[in-house]
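Topology and contacts: notes
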Amino acid sequence: MKVEMRGLTKHFGSTVAVEDFTVTLEDGHLTSILGPSGCGKSTVLNLLAGIVPATRGEILFDGEAVTGLPPELRGIGLVFQNYSLYPHMTVLGNISFPLEIKKVPRAQREESARAMAALVHVDNLLHRKPRELSGGQQQRVAIARALVKKPNLLLLDEPLSNLDARLRLEMREEIRRIQQETRVTTVFVTHDQEEAMSISDRIVLMNAGRLQQEDEPQRLYHEPRNQFVADFLGTPPINHLPGHMKGGAFILEGGQARFPFSRGAGAPEGRPLILAVRAESAHVPDPDEGALFSASVESIYAMGKEVLGYFDIGGHSFRCYLDGDMLPRPGTEIPIAFRERGTFLFDGETGERLL
Amino acid sequence: MTAKESAGLCAEIARANRLRALLARGATYFFLALGAVVMLFPFFWMFTSAFKTPQEVATFPPRWLPAAPRFENFATVFEKAPFGIYFLNSALITAASVAGTGLVTILAAFAFSRLKFPGRNLLFTLLLSLMMIPFEMLVITNYETIAAWRLIDNRLSLFIPFLGSIFYTYILRNFFLSIPDGLYWSARVDGAGNWTYLWKVMVPIARPALTTIVLLNAITSWNSFMWPMLVINSTANRTLPLGLYVFMTEGGINFELLMAASTVVVLPIILLFLIARKQIVGGVARGGMKG
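Residues numbered from 1 in each chain as written. Chains lettered and ligands numbered in written order. Predicted model: local features only at pLDDT ≥ 70, side-chain atom pairs only at ≥ 80, totals over all residues.

1. Some points on the domain arrangement of chain A
When the parts of a complex come together, some accessible area is lost, and that lost area is often taken as the interface size. Residue and element names in this part refer to chain A. Stated formally: Note: domain ranges come from an automatic or database domain assignment. C-beta atoms are placed from the backbone for every residue, and two residues are taken to be in contact when these atoms lie within 7 Å. Polarity classes work like this: nonpolar for Ala, Val, Leu, Ile, Met, Phe, Trp, Tyr, Cys and Pro, charged for Asp, Glu, Lys and Arg, and polar for all others, with Gly in that last group.
Examined at the domain level, chain A breaks down into domain 1 (3-232) and domain 2 (239-347). The gap between the C-alpha centroids of domain 1 and domain 2 is 40 Å. The interface of domain 1 with domain 2 comprises 5 residues on the first partner and 5 residues on the second. Here the side of domain 1 that touches domain 2 is composed, by residue class, of 2 nonpolar, 3 polar and no charged.

Given below as structure tokens:
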């Protein structure tokens, strides 16, 4: 089902939770809504579910406005962070509950529930109560319950955050598998960029109640629209070098370092800028390549195939990966150059991308 | 001190500790047993006296047990007064009260815990403050209402005034409030409206609290005496406690018959208590108040 949100806005009293949010989710896609805590991503989910009413704006399911509809009339499935299984019902009872409400005959609803339990691999636990299940099992049951009535839209609210690290990885793949098998349009809310990157067809990145960017995971990473997007994605976080352009050179803030940066020539001279460089986009250049600037080594972490170096560039800290066979000693100076890919120039005041 | 001496000393200390623990436990059990005897003695006396002859009841020093149990006492009681009707009335009214008050309590507790309407908390605070008013004062207004509705000497008047119970509503509301919001929204998304959610999810989860309420209500209703005495006049409408009172004042004091009648009155409650002991004790402990 195609889901459109147009100018969706939610205020709680004077607090702005979501502001002028316009996004379209394509049919059959798994879309992550990603952002730091308090960015309004859960509110968007609750708006989609009909749990909180919108202050302004519209929600359309396949072109039909559902903005005012209560949750029970929206035909959606929802999995909460804490799963919210009915504690007095067995697994089978939980999964068939939505069909029981629809007054589906017992034999038929149990058949559907069993099929759904088999899909999420809990068909051997049908007569247990939720308290007798592990977190991962409860999660699977919650997904089965959300899917059993064949919803047009599946909403998952931070479904992995209550699980331990290993289970999280496993359930992530499970959710992807189940989504691919059922092809149900899915919204996955998370604050974990790695989770979102690995699972999604599209990512909607939010901050402070506003949409930052909506795109495919890789494009979001490689073509961030603003500084927030570049900062939020990637481990280790992207490096920041504040400064301004002057005569075709980037002057690092503090004035100690300047280096030719022809690519930045289009930026207005004198305006505060942020040169943002991903850790894998800086490297030690070949002698004939010419260095952009020199960095003094602070510490080196060798982690098998990768070596992560911490540097100081004109008073600003900088992290980048080095070649595995290169282990400079702390205190030494080494030349550093940037690759074009993964190097961005942002406006220092608005955070808008200039390059 | 040699090792041997030290070991001996340790053994002695251990022995002393054991002795002290034993004494302490002995004293605890002694007082508990004393309390139990004091509490149980009247029941014992009632039960045994119900089987005695008039002479045995009156002898001094008292006889603990009848020489031969006289079951005729019970037959006599049922002959002298319509205890069968009283029993039926009590059972009907208790059942009606449990069902009616239970329903009202569930709906009120749901409204005060789950529905959002302006003035909800103020209204609930007001209701709670009404708990301060003693029962005896409410008797007057209740009586006037019942009289105005022409329900005096009608069995309906025995449970209608008590359909709304603030205390039970309070217990159940607190239980409902402890059920997480997530369940409510899950149920809504699963397609359930408020009504379905209440009966399919909330009520089954609240079964421990509801059991407590049902039991407390049943006991209160079964034992209720003052209110029935005020509003009931005719024999056909009397409940057991009322019937017992009338039996005592009208039939003269025949202790063995009185005790047999009393046994009939309290036996169902004692049985109920024995069956549901855990829930009653747990419920009162959870509520943290008197029933």
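Back to the text.
2. Considering the sheet that holds strand β9 (residues 202-207) of chain A
All names here are of chain A. Stated formally: DSSP-based pairing: two strands are paired if at least 2 bridges between them are found. Where helices and strands are cited, they refer to DSSP runs of H or I of at least four residues and of E of at least two residues respectively, numbered from the N terminus. Where helices are involved, their axes are fitted lines through C-alpha atoms of the stretch in contact, as for all axes, and angles between N-to-C directions lie from 0 to 180°.
Taken in spatial order, the 6 strands of this open sheet run β6-β7-β8-β3-β9-β10, and their pairing is mixed. This sheet does not close on itself; its edge strands, each paired only once, are β6 (76-79) and β10 (210-215). Each neighbouring strand pair of the sheet contributes to a mean axis angle of 15°, computed without reference to strand direction. Of the strand pairs in this sheet, β6 and strand β7 (residues 153-157) are connected by 4 bridges, and their pairing is parallel. Note on β7: the bridge partner recorded for Gly 77 is Leu 154.

3. A few points about the sheet that holds strand β1 (residues 3-12) of chain A
Residue and element names in this part refer to chain A. Pairing within the open sheet is antiparallel, and its 4 strands lie in the order β2-β1-β4-β5. Lying at the two open borders of the sheet, with one neighbouring strand each, are β2 (15-25) and β5 (64-65). Sheet topology note: the β1/β2 ladder contains 7 bridges and is antiparallel. In the sheet register, Leu 8 faces β2, and the bridge partner there is Phe 21. Relative to β2, helix α1 (residues 41-49) is tilted by about 65°, and along the sheet it contacts β1, β2 and β4 (56-61).

4. Thoughts on the domain arrangement of chain B
When cut into domains, chain B gives domain 1 (3-49) and domain 2 (74-287). For domain 1 of chain B and domain 2 of chain B, the distance between their C-alpha centres works out to 41 Å.

5. A look at the nonpolar core
Just so we agree on the cut-off: Definition of nonpolar core: a set of buried Ala, Val, Leu, Ile, Met, Phe, Trp, Tyr and Cys residues joined via C-beta atoms within 7 Å. Residue burial is a threshold on neighbouring C-beta atoms within 10 Å of the residue's own C-beta, all placed from the backbone, with 20 or more meaning buried, 12 or fewer meaning exposed, and counts in between meaning partly exposed.
Formed by 121 residues in total, the largest nonpolar core has its most connected members in Ile 95, Ala 144, Leu 155 and Val 187 of chain A together with Leu 172 of chain B. Core analysis: the next-biggest nonpolar cluster, separate from the first, contains 16 residues, Phe 51, Ala 81, Leu 240 and Leu 258 of chain B among them.

6. Considerations on the interface of chain A and chain B
Taken together, the 16 residues of chain A in the interface contact 15 residues of chain B. The element best represented in the side of chain A that touches chain B is helix α2 (residues 91-101) of chain A, accounting for 3 residues. By residue class, the composition of the side of chain A that touches chain B is 11 nonpolar, 3 polar and 2 charged.

7. With respect to helix α13 (residues 255-275) of chain B
Residues that lie three or four places apart on an α-helix share one face, since the helix turns once every 3.6 residues. Residue and element names in this part refer to chain B. Put simply, the rule reads: In this scheme, a helix's expected span is set at 1.5 Å multiplied by one less than its residue total. One axis fitted to the seven residues ending at a residue, another fitted to the seven starting there: the angle between these axes is the bend at that residue.
Between the first and last C-alpha of α13 there are 29 Å, a value that for 21 residues agrees with the 30 Å anticipated at 1.5 Å per step. Maximal helix bending in α13 amounts to about 35°, located at Val 266; proline Pro 268 follows within four positions. When we look at burial in α13, the residues that qualify are Glu 256, Leu 257, Leu 258, Met 259, Ala 260, Ala 261, Ser 262, Thr 263, Val 264 and Val 265.

8. Concerning the confidence of the model for chain A
Filter applied, for reference: The quantity known as pLDDT measures the predictor's confidence residue by residue, on a range of 0 to 100.
In the predicted model, chain A carries a mean pLDDT of 89, and 98% of its residues have values of at least 70. Per-element averaging of pLDDT across chain A places strand β13 (residues 258-260) of chain A at the bottom with 71 and strand β3 (residues 30-34) of chain A at the top with 95.

9. Overview of the environment of Ile 238 of chain A
Residue and element names in this part refer to chain A. Locating Ile 238 in the fold gives a position in the loop between α8 (227-232) and β11 (239-246). Along the primary structure Ile 238 and Phe 344 are separated by 106 residues, whereas in three dimensions their C-alpha atoms are 9.9 Å apart. If sequence neighbours within four positions are ignored, Ile 238 has contacts with Ala 230, Asp 231, Ala 276, Val 277 and Arg 278.

10. Description of unusual backbone geometry
Residue and element names in this part refer to chain A. Here the bond from Thr 235 into Pro 236 is cis, since omega is -10°, no more than 30 degrees from zero. On the secondary structure map, Pro 236 appears in the loop between α8 and β11. Positive phi, close to 50°, is recorded for Ser 84, a residue that is not glycine. Secondary-structure assignment places Ser 84 in the loop between β6 and α2. The class for Ser 84 is buried, based on 24 C-beta atoms found within 10 Å. Although it is not a glycine, Lys 150 sits at a positive phi angle of roughly 50°. Within the secondary structure layout, Lys 150 lies in the loop between α4 (135-147) and β7.

11. Digging into the pairing of β10 of chain A
All names here are of chain A. Sheet topology note: the β9/β10 ladder contains 5 bridges and is antiparallel. What sits directly across from Ile 203, in β10, is Asp 215. Taking the residues between adjacent antiparallel strands as the criterion, β9 and β10 are bridged by 2 residues, where Ala 208 takes a positive phi near 50°.

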